[in-house]
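The lines below spell out each chain.
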Amino acid sequence: MPTAYTILRVRVTAQDADTLRALLRDARPDVGGRIGQNPDGSLSFDAYVSPEQAQDLAREGVSVETVEDATANGRARQAEVGEGDRFAAEDAVPQGLALKVQDI
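Please read all numbers here as calculations on a predicted model, not as lab measurements.

K.L.:
Mind showing me how you'd approach the pattern of salt bridges here?
P.N.:
Two side chains carrying opposite charge are able to pair once their charged atoms lie near each other. Throughout the structure, instances matching the rule amount to 6 salt bridges. Across the pair R21 and D18 runs a salt bridge, and its minimum N-O distance is 2.8 Å. One end of the pair, R21, and the other, D18, are both in helix α1 (residues 17-27), 3 residues apart, so they sit about a helical turn from each other. On the basis of relative accessible area, D18 is assigned to the exposed category, the value being 56%. In this structure, E80 and R77 form a salt bridge, with 2.9 Å as the shortest nitrogen-oxygen distance. Residue classification places R77 among the partly exposed positions, given a relative accessible area of 44%. Salt bridges here are not isolated pairs; linked through shared partners, they connect R9, R11, D46 and E68.

K.L.:
In this structure, what is going on with the side chain of T6? I would like to understand it.
P.N.:
Residue position: T6 is located in the segment before β1 (8-14). Its relative accessible area of 18% is what places T6 among the buried residues. Beyond its immediate stretch of four places on either side in the chain, T6 contacts V49, S50, P51, D69 and T71.

Analysis parameters
- Residues numbered from 1 in each chain as written.
- Predicted model: local features only at pLDDT ≥ 70, side-chain atom pairs only at ≥ 80, totals over all residues.
- Heavy atoms only, no water.
- Salt bridge = Lys/Arg side-chain N within 4 Å of Asp/Glu carboxyl O.
- Helix = DSSP H or I, 4+ residues; strand = E, 2+ residues; numbered from the N terminus.
- Buried < 20%, exposed > 50% of the residue type's maximum accessible area, 1.4 Å probe, protein only.
- Contact = heavy atoms within 4.5 Å.

Spelled out as structure tokens, the structure:
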């Protein structure tokens, strides 16, 4: 479901540390976690970016792989949350500073 606001979780892999430093300095993505070194010597990290930013991250020596649509995943998790207070008693009266509305 396309929306006006979409955030992707992408895995960014740079071939070496200099390429990674240049990428982070230029693009300044929202990094989600630590930077890890792969067996081949490349460096990877996850980032949370818009689809346009994901395209801008790809450059010489850098690959970008979409892991998931974080916005859709978040909306799916929010749909699992019920409404109301499941711990409140059936006949509980709201408390607080608001005005009590009476049925007419």
